[in-house]
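Structural overview for review
Single-letter residue listing:
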Amino acid sequence: MGIQVTLLGTGSPIPNPDRAGPSSLVRAGGATLLVDCGRGVVMRLAGAGLFPVNLSAVLLTHLHSDHISDLNDVVTTHWVMTTEPVPLHVFGPPGTQQVIDGLLAMLAADQGYRLAHHEDLTYPPTVAVHEVEPGGTLDVGGARVVIGATDHRPVTPTVGYRFEHDGASAVLAGDTVPCAGLDQLAAGADIYVQTVIRADLVRNLPNRRIQDILDYHSTVEQAAQTATRAGVKKLVLTHYVPAMMPGQEDEWRALAAAHFTGEIVLGNDLMTITAP
Ligand SMILES: [Zn+2]
Ligand SMILES: [Zn+2]
């Protein structure tokens, strides 16, 4: 088996009843890796048949709230289901340690209640933070992970992840505009997952604040152009802004197909994509 990517949440900051917040699961060899922890992540993880204790590690692409809003649920659910102090490994860009410190402070009252109540629970949640930089590589649970530079300015730093195992590769780019770092990370990948927006639809939304997202996300067309430049096999779209509604699939697909002749996958929650 090569690599399996399960989209746990294909939504965005705009609440949608059918799309959880941004989050994906990557299974490669013996590794089970959670990438980003958006709204509803633990519910979707359960939908994929897993609990946080089954994870080899959590990897964050960036610290925008929609990508980390339910990280606290991952930390607590991991903690209460362990039988000994097993650390939850969290990889992320610089600033991740500060997020974890704040998150654990937020959970201090809960930790006190549970430690006092459960006689067999004698240790607090243990989170091992590993701050990463673009250009680095990791070996997590037997899978090779390459860390690439993305461009989501003014949000910085941001990273994308490339997973390699058994000759297969999958890239989870996170939020980014097209850039050289992304092209390099995605080069020749079997699976390229990109968070996307529809600029044509966003421009028509009667909300000034949402217009600001136009300058730091890939449009569907740009994601398809990146896929072509990088020579990937499958382009997977996720994090739709606005949410892709039933009946609109052909429209979204056509925008991508005009720039990419490979396989286009319109992601939905709990969809699994495999490589090779
Ligand atoms: Zn973002
Ligand atoms: Zn986002």
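Analysis parameters
Residues numbered from 1 in each chain as written. Chains lettered and ligands numbered in written order. Predicted model: local features only at pLDDT ≥ 70, side-chain atom pairs only at ≥ 80, totals over all residues. Pairing = 2+ DSSP bridges. Helix = DSSP H or I, 4+ residues; strand = E, 2+ residues; numbered from the N terminus. Axes fitted to C-alpha atoms, helices over the stretch in contact; angles between N-to-C directions. Contact = placed C-beta atoms within 7 Å.

**Re the sheet that holds strand S3 (residues 31-35)**
Neighbouring strands of a sheet are bound in pairs by backbone hydrogen bonds; such pairs are parallel or else antiparallel. Pairing is mixed in the open sheet, where seven strands are placed in the order S6-S5-S4-S3-S2-S1-S15. The open sheet terminates on both sides in strands that have one partner only, identified here as strand S6 (127-131) and strand S15 (271-275). Here the strands of the sheet are splayed against their neighbours by 20° on average, with no regard to which way each runs. Pairing between strand S1 (residues 3-9) and S15: five bridges, direction antiparallel. Across the sheet, the residue bridging to Leu-7 is Met-271, located in S15. Relative to S6, helix H4 (residues 96-106) is tilted by about 155°, and along the sheet it contacts strand S5 (88-92) and S6.

**Overview of unusual backbone geometry**
Note the cis peptide between Arg-153 and Pro-154, where omega equals 10°. Within the fold, Pro-154 resides in the loop between strand S8 (143-149) and strand S9 (159-165). Of note, Asp-166 is a non-glycine position whose phi angle comes to about 55°, a positive value. Within the secondary structure layout, Asp-166 lies in the loop between S9 and strand S10 (168-172). One non-glycine residue with positive phi stands out, namely His-239, at about 60°. You can see His-239 is positioned in strand S13 (residues 234-241).

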